[in-house]
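Residue-level listing of the chains:
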Amino acid sequence: MPESIRRESRVSPRVLGPVIDEMTRCVHYQTAVDIVAIKFACCNEYYPCHLCHAETADHPAEQWPLGERNQEAVLCGACGTELTIESYLATNECLNCRAPFNERCRLHAHLYFETED
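Keep in mind that what you see is a predicted model, and the values were worked out from it rather than measured.

Trainee: How do you make sense of the pattern of salt bridges when you look at a structure like this?
Mentor: Pairs may arise between side chains of opposite charge once their charged atoms sit close together. Inspection of the entire model under this criterion finds four salt bridges. A salt bridge links R14 to E45; its shortest N-O distance comes to 2.8 Å. Taken together, the residues span a long stretch of sequence, with R14 in the loop between β1 (5-7) and β2 (36-39) and E45 in the loop between β2 and β3 (46-47) at a distance of 31 residues. Between E82 and K39 there is a salt bridge, with its nearest N and O atoms 4.0 Å apart. With E82 in strand β5 (residues 81-84) and K39 in strand β2, this residue pair connects regions lying 43 residues apart in the sequence. We classify E82 as buried; its relative accessible area is 3%. A relative accessible area of 14% means that K39 is categorised as buried.

In C-alpha cells form, the structure reads like this:
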C-alpha cells in the first residue's frame, strides 16, 4: 500500500466530539459525503470538524504546518483509512475504498492546514 495511506487493520482511531454515526458525521455536518475526521495538530486527536473541536476541546485549534503535509491526519469514516494531508488535499475520494468526500470541505481547509496563500 502506498505510504500516503494506511489502513487500520483492527481498530480505527477514536474520534472525539459530537459524533452521530460510525462514519464520523457530526451534529454540524451530516450529509452523505461528510465522512472524514481531521486529526488536529494541537492535540493529535481526531474530530469530525472544526466546530466539534471548538466546542469540546479545552484549547484553541492549531493548523498543520505546510512542512508537515506528509502526516497522516485525515480519517476516512467509511473504511478507517488514514490519509496524509497531501493525499487528502489532492483528491475528492478515499484512496482506499473510493468513498466520495465532501468537495466543499476545501472551503474550510485553512482551518486545519496552513496554506500557501
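After that view of the structure, there is still more to cover.
Trainee: It is not clear to me how the packing of aromatic side chains should be interpreted in this structure. Could you clarify?
Mentor: The geometry of an aromatic ring pair is captured by two quantities: the separation of the ring centres and the angle between the planes. Counting across every chain of the model gives five aromatic pairs. For the ring pair F40 and Y112, a centre distance of 5.5 Å and an interplane angle of 70° mean the geometry is edge-to-face. In this pair, F40 sits in the loop between β2 and β3 while Y112 sits in helix α3 (residues 109-112), placing the two residues 72 residues apart along the sequence. Of the residues examined, F40 reaches a relative accessible area of 2% and is grouped as buried. Here the aromatic residues F40, Y47, Y88, F101, Y112 and F113 are joined through ring pairs into a cluster of three or more.

Trainee: How should the state of the cysteines be read in this particular structure?
Mentor: Here, the word disulfide means a covalent bond between the sulfur atoms of two cysteines. Going through the model one piece at a time under the given rule, you end up with zero disulfides. Cysteine C42 is unpaired, with the sulfur of C43 as its nearest cysteine sulfur at 4.0 Å. Left unpaired, C97 is separated from the closest cysteine sulfur, that of C79, by 3.7 Å. Residue classification places C97 among the partly exposed positions, given a relative accessible area of 33%.

About the thresholds
- Residues numbered from 1 in each chain as written.
- Predicted model: local features only at pLDDT ≥ 70, side-chain atom pairs only at ≥ 80, totals over all residues.
- Heavy atoms only, no water.
- Salt bridge = Lys/Arg side-chain N within 4 Å of Asp/Glu carboxyl O.
- Helix = DSSP H or I, 4+ residues; strand = E, 2+ residues; numbered from the N terminus.
- Buried < 20%, exposed > 50% of the residue type's maximum accessible area, 1.4 Å probe, protein only.
- Phe/Tyr/Trp six-rings, centres within 6.5 Å; stacked < 30°, edge-to-face > 60°.
- Disulfide = S-S within 2.5 Å.

Bear in mind that shape data such as this cannot, by itself, settle questions of function.
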